[in-house]
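# Structure at a glance
So the chains spell out like this:
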Amino acid sequence: MVTENLTPRGRFAPSPSGRMHLGNVFTAMMSWLSVKSRGGEWVLRIEDLDPQRSKTEHARMIEDDLLWLGLEWDEGGLADAGPAGPYSQSRRGEVYEEYLRRLEATGMVYPCRCRRADILATQAPHRSDGRVVYAGTCRPLRLGGHVPDDAQAAGAALRLFVPGREIRFRDLVCGDQCFPLAAECGDFIVRRADGAWAYQLAVVVDDALMGITEVARGNDLLLSTAQQIYLCGLLGFPVPEYAHLPLVCNAQGLRLSKRDSAMSMEELRRRHTPESLLGKLACLAGLIPEEAPMTLGQLLPFFRWPVGSETLRLG
Ligand code: GLU
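Okay, so let's go over this structure. (Residues numbered from 1 in each chain as written. Predicted model: local features only at pLDDT ≥ 70, side-chain atom pairs only at ≥ 80, totals over all residues. Heavy atoms only, no water.)

### Regarding the site of the ligand
The ligand sits among Arg11, Ala13, Pro14, Ser15, Glu47, Tyr199, Arg217 and Leu221. Contacts to the ligand include Arg11, whose side-chain N or O atom sits 2.7 Å from an oxygen atom. Within the side chain of Ser15, a nitrogen or oxygen atom sits 2.9 Å from a nitrogen atom of the ligand. For the ligand, the protein covers 73% of the area, taking 300 Å² as the surface of the free molecule. In terms of residue class, the shell around the ligand is built from four nonpolar, one polar and three charged. (Near = heavy atom within 4 Å. Polar contact = N/O pair within 3.5 Å; in protein donor to acceptor, adjacent residues only side chain to side chain. Areas by Shrake-Rupley, 256 points an atom, 1.4 Å probe, with all protein chains shown as cover. Nonpolar A, V, L, I, M, F, W, Y, C, P; charged D, E, K, R; others polar.)

Listed below in structure tokens is the structure:
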């Protein structure tokens, strides 16, 4: 086997829907340490596909918080520094359009007019995690048809056919994974009826065009990864390596959210120096045995993935 000697390239891809909390910072720190400990590069991409929830001022604050921590990016951000820009998804519509055409050429994309309520009505009642498995209601009997250009104007979303086979991958943190996509999510949306791009398509296109070799993010996105690997195959993109990190939980064992205001960067910056915050996270991840102020440079030699834990609980 020929092993390519690629410069490791990681990315941090926040959705600018609010201020970062400790969980987001943990992901950013681990992704940065992973690539920087191997002389790699780090890209900042703004995932502002959702116009209702995304605000430029939030993206500005995210950048400010990253810089306060010393988590500098080599490419991207609001300034669009680098050759693969724009680095904000809201300005990449033309790029997604081009790759949607390529997907359509595989014959596996079809228009769908189901509403969420209709989809839920076809669900088995036991699914409690809010995930929706599409039953294939609008799937044509024969795939391979041309997708009409006015599908969106006619109020249809575009869905991608998912075959019965399993998607397998080895995650750097969670180990071997196997997802029967048809049972886990069914045919999924690549463009919404209102014309908005689906996260799955945008991420796959962006990671490929931005040369990302390693994706580090929360383990709540494991199923998305299986969908994204499937998309990579259809679009002929190389599959990056994945590291799905444990979710940071509060003292009650619940995943951090915007409601944990004590863990938002606003509050954390009041109570910590960058070094004490980095040391706290490094200790939580098991990189250092005891909490002590650390710079990013000091943490580089200690970097390893926190293998085997699903959550990390704050004391
Ligand atoms: N934008 C997503 C988030 O902030 C992250 C997606 C990803 O890392 O692929 O949760």
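### A look at helix H3 (residues 93-105)
In this model, H3 (13 residues) spans 18 Å end to end at C-alpha, consistent with the 18 Å of a helix rising 1.5 Å per residue. Those residues of H3 that fall on the buried side of the exposure criterion are Tyr96, Tyr99, Leu100, Leu103 and Glu104. Down the axis of H3, the sector holding all buried residues measures 150°, keeping them to one side. Seen from the open side of H3, the exposed residues pointing more than 90 degrees away from its buried face are Glu94 and Ala105. Its buried side turned inward, H3 meets strand E4 (109-112), strand E5 (157-160), strand E8 (188-191), helix H6 (199-209) and helix H7 (222-235). One or two steps after H3, the chain reaches Gly107, where phi turns positive at roughly 80°. (Helix = DSSP H or I, 4+ residues; strand = E, 2+ residues; numbered from the N terminus. Expected span 1.5 Å × (residues − 1). Buried < 20%, exposed > 50% of the residue type's maximum accessible area, 1.4 Å probe, protein only. Arc of directions from axis to C-beta. Contact = heavy atoms within 4.5 Å.)

### A word on the sheet that holds E8
Taken in spatial order, the three strands line up as E4-E5-E8 in an open sheet, and their pairing is antiparallel. The two strands at the open ends of the sheet, each matched to only one other strand, are E4 and E8. Taking the axes of each pair of neighbouring strands and ignoring which way they run, one obtains an average angle of 45° across the sheet. Two elements, E4 and E5, share four bridges in a ladder whose sense is antiparallel. Across the sheet, Cys112 pairs through a bridge with Ala157, a residue of E5. (Pairing = 2+ DSSP bridges. Axes fitted to C-alpha atoms, helices over the stretch in contact; angles between N-to-C directions.)

### Examining helix H1 (residues 22-36)
If you check H1, its first and last C-alpha atoms are 21 Å apart, about what 15 residues at 1.5 Å a residue would give, namely 21 Å. Taken across its 15 residues, H1 has 13 buried, putting it largely inside the fold.

### Focus on the nonpolar core
Ranked by internal contacts, the top residues of the largest apolar core, which has 43 residues, are Leu22, Phe26, Met29, Met30, Trp42 and Leu66. Sort the elements by how many residues they give to this core and H1 lands first, with nine residues. Counting 42 residues, the second largest nonpolar core, distinct from the first, contains Val147, Val190, Met210 and Ala226. (Core = buried A, V, L, I, M, F, W, Y, C linked by side-chain atoms within 4.5 Å.)

### Topic: the packing of aromatic side chains
According to the stated counting rule, one finds seven aromatic pairs in the structure shown. Ring geometry for Phe169 versus Phe179: centroids 6.2 Å apart, planes at 10°, classification stacked. Taken together, the positions of Phe169 in strand E6 (residues 166-171) and Phe179 in strand E7 (residues 175-180) put the pair 10 residues apart, joining distant regions of the chain. With respect to class, Phe169 is no different from Phe179; both count as buried. Site record: aromatic cluster; members linked through ring pairs are Phe169, Phe179 and Tyr242. Over the ring of Tyr134 we find Arg159, and its NZ or CZ is 3.5 Å from the ring centre. Between Arg191 and the ring centre of Trp197, over which it is positioned, the NZ or CZ distance is 6.0 Å. (Phe/Tyr/Trp six-rings, centres within 6.5 Å; stacked < 30°, edge-to-face > 60°. Lys NZ or Arg CZ within 6 Å of the ring centre and 35° of its normal.)

### Points about unusual backbone geometry
In this chain, Gly85 is followed by Pro86 through a cis amide linkage whose omega measures -5°. Relative to the assigned elements, Pro86 resides in the loop between strand E3 (75-76) and H3. In this model, Asp80 sits at a positive phi of 55°, which is unusual for a non-glycine residue. Structurally, Asp80 can be placed in the loop between E3 and H3.

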